[in-house]
Each structure stands twice: as C-alpha cells, then as structure tokens.
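# Remarks on the overall topology
As a plain string of letters, each chain reads:
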Amino acid sequence: MAQSDAAQDYQAHILYAPIALYDGCPFEDGPVEDRGIDALLNSRTYLVHQEGDEPQGAGMIDVIVADCRALQPDMGAVSARFTALRRAHPESIFMILIEPELAWDIRLWLKRYGTLCPLGERADLVISRLDRLLENLALADECGERLKTLSALNRTAVSGSILNTSSKPMRVLVSGAPSPVTLRAMKSLSSGDYRVTAAMSVPQTMRYLEVQSFDCLVILPGDRTATYTGLVKMLRRNDRSRSLPILVIPERADASTAGCRFMAQGADTVLSAIDTEKALTTEVTAFARRNRLTASMKQFLRKAASTDGKGLNLVCDLPFFENHLDRQCHRATETGKPLCVSAFKLKYSSGRILSSKGFRQALKYVQMMMRDTDLITAVRNDVFLISQPGLGTVDATRRQQNIAAVLQEIILEDAPGAAGDTLVLEASTVQYRPAEMADGIIARAFQTLNIVPPRHTPPPQVEKPRLKIVR
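Residues numbered from 1 in each chain as written. Predicted model: local features only at pLDDT ≥ 70, side-chain atom pairs only at ≥ 80, totals over all residues. Heavy atoms only, no water.

## Focus on the sheet that holds strand β13 (residues 315-316)
- Across the sheet, which stays open at both edges, the six strands sit in the order β13-β15-β16-β14-β18-β17 with mixed pairing between neighbours. Only two strands of the sheet have a single partner each, and these edge strands are β13 and β17 (411-412).
- Judged from the five bridges that link them, strand β15 (residues 375-380) and strand β16 (residues 383-389) form a sheet pairing that is antiparallel. Across the sheet, Ala-378 pairs through a bridge with Phe-384, a residue of β16.
- Set on the sheet, helix α12 (residues 393-407) makes contact with β14 (339-348), β16 and β18 (421-431); between it and β18 the angle comes to about 170°. (Pairing = 2+ DSSP bridges. Helix = DSSP H or I, 4+ residues; strand = E, 2+ residues; numbered from the N terminus. Contact = heavy atoms within 4.5 Å. Axes fitted to C-alpha atoms, helices over the stretch in contact; angles between N-to-C directions.)

## Focus on the packing of helix α6 (residues 202-211) against helix α7 (residues 225-237)
- Contact geometry for α6 and α7: axes closest at 11 Å, N-to-C directions at 20°. As the angle between them shows, α6 and α7 are arranged roughly parallel. Considering the relative orientation of α6 and α7, their crossing is right-handed. Listed contacts from α7 to Val-202, Thr-205, Met-206 and Leu-209 of α6 are Thr-227, Tyr-228, Leu-231, Met-234 and Leu-235.
- For the contact of α6 with α7, the residue count by class is seven nonpolar, two polar and no charged. (Parallel < 35°, antiparallel > 145°, perpendicular 65-115°, else oblique. Left-handed = near helix turned anticlockwise from the far one by under 90°. Nonpolar A, V, L, I, M, F, W, Y, C, P; charged D, E, K, R; others polar.)

## Description of the sheet that holds strand β5 (residues 63-67)
- Strand order in the open sheet formed by five strands is β4-β1-β5-β6-β7, and the pairing between neighbours is parallel. Only two strands of the sheet have a single partner each, and these edge strands are β4 (47-50) and β7 (114-118). Pairs of neighbouring strands in the sheet enclose a mean axial angle of 25°, with direction left out of account.
- One ladder, built from five bridges, connects β5 with strand β6 (residues 93-98); its direction is parallel. Each bridged residue has a counterpart across the sheet, and for Ala-66 the counterpart in β6 is Ile-96.
- Sheet strands touched by helix α4 (residues 126-152): β1 (13-18), β5, β6 and β7. Its angle to β6, the strand with the most contacts, is close to 165°.

## Re the side chain of Ser-306
- Tracing the backbone shows Ser-306 in the loop between α9 (276-305) and β13.
- Polar side-chain contacts of Ser-306 include one of 2.9 Å to the backbone oxygen of Lys-303. (Polar contact = N/O pair within 3.5 Å; in protein donor to acceptor, adjacent residues only side chain to side chain.)

## Things to note about the packing of aromatic side chains
- Overall, the coordinates contain five aromatic pairs when judged by the stated rule.
- Ring geometry for Phe-82 and Phe-94: centres 5.2 Å apart, planes at 80°, overall edge-to-face. You can see Phe-82 sitting in helix α2 (residues 76-88) and its partner Phe-94 sitting in strand β6, a full twelve residues away along the chain.
- Its relative accessible area of 1% is what places Phe-82 among the buried residues.
- An angle of 10° between the planes, with centres 4.4 Å apart, marks the rings of Phe-82 and Tyr-113 as stacked. Placement of Phe-82 in helix α2 and of Tyr-113 in the loop between α3 (104-110) and β7 is noted, with a sequence separation of 31 residues between them. (Phe/Tyr/Trp six-rings, centres within 6.5 Å; stacked < 30°, edge-to-face > 60°. Buried < 20%, exposed > 50% of the residue type's maximum accessible area, 1.4 Å probe, protein only.)

Written out as structure tokens, the structure is:
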C-alpha cells in the first residue's frame, strides 16, 4: 500500500529529554540549549512533552527523544539518566540524537538504549527519522491488534508465518569509485554472511537497483558528494526504493558537513571512514534486519485484511471491520491517540447505478492511496468505509479530499467496448469520541450521507472447554 503524501501520518506522544554532560557532570543549573529541536517538534502535530509534564500511564509516551549531542566520554551519569527514563516509561522507545562524528565505541555503547540519529546542528533532520520510527511503531501495534481480531473471529486463513523474516544471506550493494575506504568496506562485508555487489558509478547503481532487490545500500561518495546526494534524493522519491536502508561513509575532510547533506536527503546513517572495518557490518546487519521486519509486517497486514488470507484483495469483510474497529476504539481510549473513520458513497455522473465491476475498479484506486495500517470495507456496491488509526480530523479530511479528487478523475467501463463514465461521490469523516464503539462512529459517518448503518456484528463467543475432574 502506498503511503500518503501528508508530512506526518501518525500522531504520537513525544518526550523531549536533553542529556548533556560538561566535565563529567550533568547540567543542573538551567535548561540545556536544544539547538532548535524542541521548537521544531512543537511546530509539528506531535504531542510534545517535557519531563515532569508527560502524561501518566504505561504506553502513553511513544518515543523519548534523548538529545546526546553534548555528550562527553564519561558515561556514568548518562547511564543513570537512561535508566531513570526507562524506569518511568518502560514501554517507550528511545531515539538518541548524536553528532555525526561521534566515535564508534561511544555509538556502540549508546545503541543498547535505542535508535541513533546523527544530525549535529541540523535539527530538521530529526523529522524524517522520527516519522519513519513512528511508522514502524504503528505497524507493529496494528499487527498485534489484527492478530487479536483474527483470534476473536476464529480465523486462521493467514497463509505463512506471521512475521516471516527471510533467513537468506543479506544482499548489499556498495556504490563508489575504487579507493582505500571502498576496498576496506568490500573486504569487511565479504568476510561476513553477505552477498555483496559493487557499482562503480551512479548510473550502474541505478541499473542494479532496477533489476535486483537489496537489503542495504552502502555509498562511498569520495569527492562526488553532490552526485551521490542527488542519487539518495532520487531513491527516496521512488516507491520501490523509499524504504531501502542507505548507509554513507564520507571520506572528505568535511565529512561532518557532507554527512548532514546525505542525512537531509534521506540517508539512514553516516559512518566515519576510520570506523569502516569495525562498524560497517554491525550497522548493515541492523538496518537490513529492520528493513526485512518492516516488509514482513506490511505483508502480514495485507494478509490479515483480506478474506482469502493471501493479501490479494485488501477489502475486508464487514464483520472483520466492525470488530477490529471496536478494538481500535479501545486502543484510542487507552493511548489518547486519534482515530477517524471516513465513509464514501459513489454513483455515476450520468445517474446510472454503479455496477459491482465499476465499484471494484474504484476500490483498486482507493487501495493505492491507503496506508498499511488503514482498513477498508465495502458496505454495499456503492458505499465503503475506511478506518484510519492515528489520524486526527484535519489529516483524515485532507486524505478524504485526495481520494475524492482521484476518484472523480477516473473513467470507469462496465464492459469491454462500453462507454466510460465518471464518478460523483459524497464523503464524510468523523473522529472517535471517548467511550464510543464501532456502531456509534459508523452511524455518525453515515448520518450526513443518509445511509442506514449496517447491523453491528459482535465477535462470536468461543465455547469454553468443560473439565471433568476425576478423583
């Protein structure tokens, strides 16, 4: 499923926690200069909190942004700070901000606490990494919820294992002109369990990516920083390579500046050339595994949403939608995150009744605009619903308008050779209200469209096994 064009797809609770040392002692005399991070986070639709004003309750904070860019080698106080944050928020994950030139030994030590984000003075680079992290969190959360729905409905139609991460050797593409650093990188990767392919130029890199699939791309730009930053920018705009992990090893004297330029275009991380031999395989393995796990979660969501369990048709049946929406409502109550449902009513502009074939064609276009965590169901041959967890009314309404604009532009044909017809539609988007259930939110979505809501189907009650005790 394609991602939406919105800048941010998931609303989340973020805790900003500056962690800094000066001569081995934590700052205690006043607030640490955040170099724009706090203001940048607050300018988004994140729900940003400072220590002391965060919401109480397990799971309320999604991500703790730990700013470690002022870090000194003495790690004792930092370890105590992370431990205290982990104790206060056991279900949250850390995104740790670091300087691009931070030594590998310290990076490796910090990795035990969370995901590293090298950005230096470029505060704006944190947004893309944070959005990607939130997307993976939303995918994992939705996988768990859909698995519960499948269990409640006694369905076992999902083919294959739930999270089927491949055991095949990881495929790595190394792109860069021959140089001592490139040779060290190739030697380091060849000594591990990787299938390594070398590309000597950007055109050759593009040709490999067009015909083969890779788990990670390692770029050694040498003195062609501008050329390779253009490559990263192009890959991030392509649907096929948007999620491909990209690791960059600048060789130039201004490696920190060059690294930030690559991060700004969408690279996942930057390594120092002097850390190539001891750090490269660790980083490649971590990013490749994350990429495989993300792909596996998306595949499971497609299978769970389809009636055949194979993910060929992403339109789920109404009982699954209703029961899963009930589960999403409970989840929204627990976390305080928004949940929206959009209803669409279609008809031909000529006034003819929409045929089942035309309706299926229209839904194929809709599916291309959905997120992996969205769920769609057909109520009848001219009405469908979409649940959108993590979206507020503004973002959900914007996506409703985008879907409407696309559907009104297409021409549908009921049969080969028949005259095509365009669509007109009515749409409505409503946001979840506290203590509301699936039938209530669906009824409100249908109210403005003058549609009678479908009868809510409760999950089947599984008969409890009877035990006979023999003494």
